[in-house]
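Results of the structural survey
Chain by chain, the residues:
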Amino acid sequence: MTVKKKTSISNGSIIDGAVLRRYMQYLRLEKSVSDNTLDAYTRDLQKLVNYYADNGIDFRTVTLRDFDLFAGALKENGVSARSIARVLSGVRSFYHFLALEGEVLQDPTELLESPKIGKHLPQVLSIEEIDRILGAIDLSKPEGVRDHCIIEVLYSCGLRISELCSLRMSDLYLDEGFIRVMGKGCKERLVPISSRAVKELHNWFSVRCHIQIREGYEDYVFLSRIRGKALSRISLFVYIQKYARQAGIDKEISPHVFRHSFATHLVQGGANLRAIQEMLGHEDISTTEIYMHLDTGHLREEILCHHPRNKVHSKSTQGDELG
């Protein structure tokens, strides 16, 4: 059994095209998913459509065993457990919609289990490493001033890369110390911004005003100096990897690492987890709890410092020394 890439998701030969179009409208209008999320759902659903085509399965009479075999086929093709779990989540969403629409009598995915995956601890940079990356940027160049500002805003506000690239001038309330962020599902949130990041933004604005901005991009904060358009996520990914190499950082670096670092450093500093959840725009607190991890050195220090047994031992040791 293989999952081939040959059947168009819109051809309607396995799953009626009208049903698929209604599902996409449901995701966009009722679930308010972003374009990126919609693309991901479409790609994952394509895998299911291909599997149905290869194995002659009718989507209306599919069984739980068919889904288990589908997951097994994905695994045979080298798809990771985490990716399989994501695909099956999309399958559940699709069949939940089909049940709501009366296209199937009963949702066949109700008992569908995802593969067990451990909690993935995100890559995190230390403050010293972040400063090294910032120090590797050439501030004599306009792009350097922009990129220096971008990294400071990413780290100061914990933004997703898509949120930063879509940030508008009209979203900035710098005198009040906040920025308005459009997160997943078109949900707005207000995020505090540090005075250092505000200063970096003003430095960038002194350069940005000299850029010939393309029509329709006047309100975007971060622009390509040459094209005059909003920066793309791919461009920013490339720039940050370049600066990390120049700084001698031997880690897998992406723009998202600064978001992870933002949250982890707040947790280690004693910030309230609910407040961090709000700032990150997480719907579920369990998503934020991943940042409760601490490095072993910090954990050992906390235990030695605060555990009552260690305090007793410390006092007795001091007494021995006095005796």
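Our subject is the structure listed above.
Below, the structure is looked at part by part. Just so you know, the residues in each chain are numbered from 1, in the order the chain's sequence is written. Owing to the predicted nature of the model, reporting of local features is limited to residues with pLDDT of at least 70; listing and counting of side-chain atom pairs is limited to 80 or more, with chain, interface and lining totals taken over all residues. Each side-chain value is worked out from all heavy atoms of the structure, with water and hydrogens disregarded.

A word on the sheet that holds strand S2 (residues 178-182). We treat two strands as partners when DSSP finds at least two bridges between them. Secondary structure elements follow DSSP: runs of H or I of four or more residues count as helices, runs of E of two or more count as strands, with numbering from the N terminus. Across the sheet, three strands lie side by side as S1-S2-S3; this open sheet has antiparallel pairing. The open sheet has two edge strands with one neighbour each: strand S1 (172-173) and strand S3 (188-192). Sheet topology places S2 next to S3; five bridges connect them, and they run antiparallel. Residue pairing across strands places methionine 182 opposite glutamate 188, the latter belonging to S3.

Quick look at the packing of helix H6 (residues 142-157) against helix H8 (residues 195-208) now. The axes used here are C-alpha line fits, helices contributing only the stretch in contact, and every angle between their N-to-C directions lies in the interval 0 to 180 degrees. Following both chains from N to C, one finds H6 and H8 inclined at 155°, their axes separated by 9 Å at the closest point. In terms of orientation, H6 and H8 fall into the roughly antiparallel class. By crossing handedness, the relation of H6 to H8 is classed as left-handed. On the side of H6, the interface is formed by Pro142, Val145, Arg146, His148, Cys149, Glu152, Val153 and Ser156, while H8 contributes Arg196, Ala197, Glu200, Leu201, Asn203, Trp204 and Val207. For this classification, the nonpolar set comprises Ala, Val, Leu, Ile, Met, Phe, Trp, Tyr, Cys and Pro, the charged set comprises Asp, Glu, Lys and Arg, and every other residue, Gly included, is treated as polar. Considering only residue class, the contact of H6 with H8 consists of eight nonpolar, three polar and four charged. Roughly parallel means an angle under 35 degrees; roughly antiparallel, over 145; roughly perpendicular, 65 to 115; everything else is oblique. Throughout, a crossing is termed right-handed when the near helix is turned clockwise from the far one, and left-handed when it is turned anticlockwise from it by less than a right angle. Throughout, a residue-residue contact means that at least one pair of heavy atoms, one from each residue, lies within 4.5 Å.

Okay, the side chain of glutamate 103 next. Counting through the fold element by element, glutamate 103 comes out in the loop between helix H4 (81-101) and helix H5 (127-135). Polar contact criterion, stated in full: a pair of N or O atoms within 3.5 Å, where within protein one must be able to donate a hydrogen and the other to accept it, and residues adjacent in sequence count only if both atoms are side-chain atoms. Polar side-chain contacts of glutamate 103 include one of 2.9 Å to the side chain of arginine 22. Apart from residues no more than four positions distant in its own chain, glutamate 103 is found in contact with Val19, Arg22, Arg60 and Leu98.

Turning our attention to the packing of aromatic side chains. Two numbers describe a pair of aromatic rings. These are the distance of the centres and the angle of the planes. A pair of Phe, Tyr and Trp rings is counted when the ring centres sit within 6.5 Å of each other, with Trp represented by its six-membered ring. The angle between the planes then sorts it: under 30 degrees is stacked, over 60 is edge-to-face, the rest tilted. In total, this model carries nine aromatic pairs according to the counting rule given. Centroid distance phenylalanine 67 to tyrosine 95: 5.4 Å. Interplanar angle 80°. Geometry classified as edge-to-face. You can see phenylalanine 67 sitting in helix H3 (residues 64-76) and its partner tyrosine 95 sitting in helix H4, a full 28 residues away along the chain. Between buried and exposed lies partly exposed: a residue is buried under 20% and exposed over 50% of the maximum accessible area for its type, with that area taken using a 1.4 Å probe on protein chains only. Note on phenylalanine 67: relative accessible area 1%, which makes it buried. Considering the side-chain rings of phenylalanine 94 and tyrosine 95, the 5.4 Å spacing of their centres and the 80° angle between planes classify their relative orientation as edge-to-face. Judged on exposure class, the residue phenylalanine 94 and its partner tyrosine 95 are both buried.

So, on to the layout of surface pockets. Quantified by volume, the second largest pocket comes out at close to 190 Å³. Taken together, Glu163, Cys165, Ser166, Leu167, Arg168, Asp171, Arg180, Val181, Met182, Glu188, Tyr220 and Ala230 make up the full set of residues lining the second largest pocket. Elements with a minimum of two residues in the lining of the second largest pocket: helix H7 (161-165) and S2. Considering each element in turn, the lining of the second largest pocket owes the most residues, three residues, to S2. Grouping the amino acids of the lining of the second largest pocket by side-chain chemistry returns six nonpolar, one polar and five charged. Every definition here rests on a 1 Å grid over the protein atoms only: cavities are sets of points where a 1.4 Å probe fits but cannot get out, pockets are open sets enclosed by protein on both sides within 12 Å along at least five of seven lines, and lining residues have some atom within 4 Å of a point. Grid points are joined across faces, edges and corners, and a volume is the space filled by probe spheres set on the points.

Here the focus is the pairing of S2. Burial of the side chains of S2 is restricted to one face: Ile179 and Val181 are buried, whereas none of Phe178, Arg180 and Met182 on the reverse face is. Relative to S2, S1 runs antiparallel, the two being bridged by two bridges. Bridge pairing links tyrosine 173 to phenylalanine 178 in S2. Connecting the antiparallel pair S2 and S3 is a turn made up of five residues, with glycine 185 showing a positive phi of about 65°.

Attention now goes to the packing of helix H1 (residues 17-30) against helix H2 (residues 35-55). Between two packed helices, the angle of one axis relative to the other and the distance separating the axes together describe the packing. The contact between H1 and H2 brings their axes to 10 Å, and the two run at 150°. One element, H1, and the other, H2, form an angle in the roughly antiparallel class. Helix-helix and strand crossings are classified by hand; for H1 and H2 the assignment is right-handed. Contacts between H1 and H2 involve Leu20, Tyr23, Met24, Leu27 and Arg28 from the first element and Asp35, Leu38, Tyr41, Thr42 and Leu45 from the second. Class assignment for the residues of the contact of H1 with H2 results in seven nonpolar, one polar and two charged.

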